[in-house]
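Summary of the model geometry
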Number of protein chains: 2
Amino acid sequence: MTCSARYAPQLRARGFRMTPQRLTILHVLHHEGTHLSPLNVFKKAVQELPGLTEPTVYRTLEFLAQNGLVRSSHDGSGHLTYEIAAADHHHIVCRICKAEIEVEHSLLAPLYQTLEAASGFTNIDSHVTFFGVCPNCQRQ
Amino acid sequence: MTCSARYAPQLRARGFRMTPQRLTILHVLHHEGTHLSPLNVFKKAVQELPGLTEPTVYRTLEFLAQNGLVRSSHDGSGHLTYEIAAADHHHIVCRICKAEIEVEHSLLAPLYQTLEAASGFTNIDSHVTFFGVCPNCQRQ
DNA sequence: AATGTTGTTGCAAGAATTTGCAATAAGGAC
DNA sequence: GTCCTTATTGCAAATTCTTGCAACAACATT
Ligand SMILES: [Mn+2]
Ligand SMILES: [Mn+2]
Ligand SMILES: [Zn+2]
Ligand SMILES: [Zn+2]
């Protein structure tokens, strides 16, 4: 299935348009499979679509995140990073060496229950990054 | 107890120096009590210490966070925000209206156990921000 | 296929954040 | 109190990110 066929309907259903810019950015993230900084998205996407500009990339990533097609998370240094929205998951990043692993959402599900009950907030749905010390760095 | 008496030893013990810049920034955060953006820290601190510059503020906040004297977290829009390190806590931010509440760390303690057991990471210690929909916004 | 509406983009300018490096000054040693 | 070492800062420049607005183009309608 092509990226266009997959994503265009999701946008149209919400009254938005599919554009070459959005399609290219989705295509880049879809085939990258991992987190990318906005600038790296721009660098790869502008090769596929000459004329694309940085402001468009920043705005588009934000827009796609808002609409659930991509997901944002934080790298160690406080900057946003984006990936295509797929299976719900979270991350643990090593404070020392920056190594990163994924954790299944199921591990957090009980916490979300607790938080919703305790706070009155609903639809808690975050892509969270925790920080710790990885097994490797523990040996030093 | 003065800010200097409280914080200087913590830095010296790690081989770092206390400076007017660091003291002023700590003083601002200490008396503010809540999260502040780097730029807001700068604006308040430069009034107490004319000549202070932005690069110093950014570097100092990062440095103090690294050394546990302040804590950083993410506002809704992906930017870092800083507060003086006090009781361990986390946040839930409303996706709609940006309202923010604190949650006690005790609610997350079981999760941290689970994560450490499942991942092999240790010293997981994050100041986490979750996103959801607040009680007010649920009514609309 | 042509038209109209309005969601999107590029451009230019501005604001926020980072980096390299030489000058400065904190604090230990004497 | 003076001297030394080197951690820290200010400055200038570069980079990254944001914003306002006019031109453009997606796509629904005819
Ligand atoms: Mn992820
Ligand atoms: Mn906090
Ligand atoms: Zn590590
Ligand atoms: Zn709300």
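In case you missed it, the structure is sitting above this.
Because the structure is predicted, anything quoted here is derived from the model rather than measured.

Some thoughts on the interface of chain A and chain B
Between chain A and chain B, the residue contacts involve 35 residues of the former and 35 residues of the latter. Here chain A meets chain B over a buried area of about 2700 Å², counting both sides, of which 72% is carbon and sulfur. The interface formed by chain A and chain B includes zero salt bridges. Along the contact surface separating chain A from chain B lie 13 residue pairs in polar contact (both at pLDDT 80 or more). Elements that contribute at least two residues to the side of chain A that touches chain B include exactly strand S3 (89-94), strand S4 (100-104), helix H5 (109-119), strand S5 (129-132) and helix H6 (135-138) of chain A. Tallying contributions element by element places H5(A) first for the side of chain A that touches chain B, with six residues.

Regarding the protein's contact with DNA strand C
Lining the immediate environment of DNA strand C, one finds 19 residues, of which A:Arg22, A:Thr56, B:Arg12, B:Met18 and B:Tyr58 sit closest. Take the atoms of DNA strand C that sit within 4 Å of the protein: sugar and phosphate atoms are 69% of them. Interatomic distance of 2.6 Å between a side-chain N/O atom of A:Arg22 and a phosphate oxygen of DNA strand C. At a separation of 3.3 Å, a base oxygen of DNA strand C approaches a polar side-chain atom of B:Arg59.

Topic: the coordination of the manganese ion (ligand 1)
All names here are of chain A. Here the manganese ion (ligand 1) is held by His-35 (NE2), Glu-83 (OE), His-89 (NE2), His-91 (NE2) and His-127 (NE2), and the distances to it run 2.0 to 2.5 Å. For the manganese ion (ligand 1), all donor residues lie on one chain, and their spacing in sequence is H-x47-E-x5-H-x1-H-x35-H. When sorted by exposure, Glu-83 lands in the same class as His-89, which is buried.

Brief notes about the nonpolar core
Grouped together as the largest cluster of nonpolar side chains are 28 residues, with contacts concentrated most on A:Leu115, A:Phe130, B:Leu115 and B:Phe130. At the level of elements, S3 and H5 of chain A together with strand S3 (89-94) and helix H5 (109-119) of chain B are the ones that each hand at least two residues to this core. Filtering out sequence-adjacent residues up to four positions away, A:Phe130 remains in contact with A:His91, A:Ile92, A:Val93, A:Leu108, B:Leu111, B:Tyr112, B:Leu115, B:Ile124, B:Ser126 and B:Val128.

Notes on the relation of the copies chain A and chain B
Between chain A and chain B, which share one sequence, the superposing operator has a rotation angle of 179° and an axial displacement of 0.0 Å; the RMSD is 0.2 Å. Taken together, the rotation angle and the small translation identify this as a two-fold axis. By residue overlap, the copies meet face to face through one surface: 100% of the interface positions of chain A are interface positions in chain B.

What counts as what
Residues numbered from 1 in each chain as written. Chains lettered and ligands numbered in written order. Predicted model: local features only at pLDDT ≥ 70, side-chain atom pairs only at ≥ 80, totals over all residues. Heavy atoms only, no water. Contact = heavy atoms within 4.5 Å. Buried area = accessible area lost by both parts, 1.4 Å probe. Salt bridge = Lys/Arg side-chain N within 4 Å of Asp/Glu carboxyl O. Polar contact = N/O pair within 3.5 Å; in protein donor to acceptor, adjacent residues only side chain to side chain. Helix = DSSP H or I, 4+ residues; strand = E, 2+ residues; numbered from the N terminus. Near = heavy atom within 4 Å. Donors = N, O, S within 2.8 Å, 3.2 Å for Na, K, Ca; no water. Buried < 20%, exposed > 50% of the residue type's maximum accessible area, 1.4 Å probe, protein only. Core = buried A, V, L, I, M, F, W, Y, C linked by side-chain atoms within 4.5 Å. Least-squares fit on C-alpha atoms with pLDDT ≥ 70 in both.

Functional significance is not addressed by these values, which are geometric in nature.
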